[in-house]
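Each chain, letter by letter, is given below.
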Amino acid sequence: MSPDPICHRSWKGKIRGWGAILFLCLLGAVAAIGARVLIESVGSAGHARYAPAGVPPRTVSPRHEWERGEYERQDRVVLEKGK
C-alpha cells in the first residue's frame, strides 16, 4: 500500500499553500482595482472635438459647427431615402 501524500503534509506546508492562495487573491484584487481606475480615468476624459453628455458645451469653432450641420443634413437625407 502506498501512503496518501495529502494526509502526511505538515502544518507548515498547509500554511504555505493557503498563504499562496491568499497572496494570489490579493494580487487579483489589486489588479482589478487598478483596471477599474484606469477605465474610469479614460472614460472621464473629455473629447477634443465635442463635449461629452452632461457637460456644458464649450465654445466650438465655426468649422466644427459647419461639420456638425453637414453630418446632421446627411443623416436626414439618408433617413428620408429609407422611408
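Residues numbered from 1 in each chain as written. Predicted model: local features only at pLDDT ≥ 70, side-chain atom pairs only at ≥ 80, totals over all residues. Heavy atoms only, no water.

*Asks:* I'd like to hear about the pattern of salt bridges, residue by residue, with values.
*Replies:* Overall, the coordinates contain four salt bridges when judged by the stated rule. Note that Glu40 is salt-bridged to Arg36, the shortest N-O span being 3.1 Å. Placement of the pair is Glu40 and Arg36 together in helix α1 (residues 11-43), with a separation of four residues, close to one helical turn. Since its relative accessible area comes to 45%, Glu40 is described here as partly exposed. Since its relative accessible area comes to 57%, Arg36 is described here as exposed. We note a salt bridge from Arg63 to Glu67, for which the minimum N-O separation is 3.4 Å. On the criterion of helical spacing, the pair formed by Arg63 and Glu67 is a turn pair, its members being four residues apart in helix α2 (residues 62-82). Looking at Arg63, the relative accessible area reads 60%, which means it is exposed. (Salt bridge = Lys/Arg side-chain N within 4 Å of Asp/Glu carboxyl O. Helix = DSSP H or I, 4+ residues; strand = E, 2+ residues; numbered from the N terminus. Buried < 20%, exposed > 50% of the residue type's maximum accessible area, 1.4 Å probe, protein only.)

*Asks:* So what about a positive patch on the surface? Which residues, and what values?
*Replies:* Together, Arg9, Lys12, Lys14 and Arg16 make up a region of like positive charge exposed at the surface. Along the chain, Arg9 turns up in the segment before α1. (Patch = residues over 30% accessible without salt bridge, like charges linked within 9 Å, V, L, I, M, F, W, Y side chains within 5 Å. Areas by Shrake-Rupley, 256 points an atom, 1.4 Å probe, with all protein chains shown as cover. Lys, Arg positive; Asp, Glu negative; His and termini not counted. Charge placed at Lys NZ, Arg CZ, Asp CG, Glu CD.)

*Asks:* Outline a nonpolar patch on the surface, supporting the account with residue identities and numerical values.
*Replies:* Judged by side-chain polarity, Phe23, Leu24 and Leu27 come together as a nonpolar surface patch covering roughly 340 Å² of accessible area. On the secondary structure map, Leu27 appears in helix α1.

Spatial relationships are all this shows, so hold off on functional conclusions.
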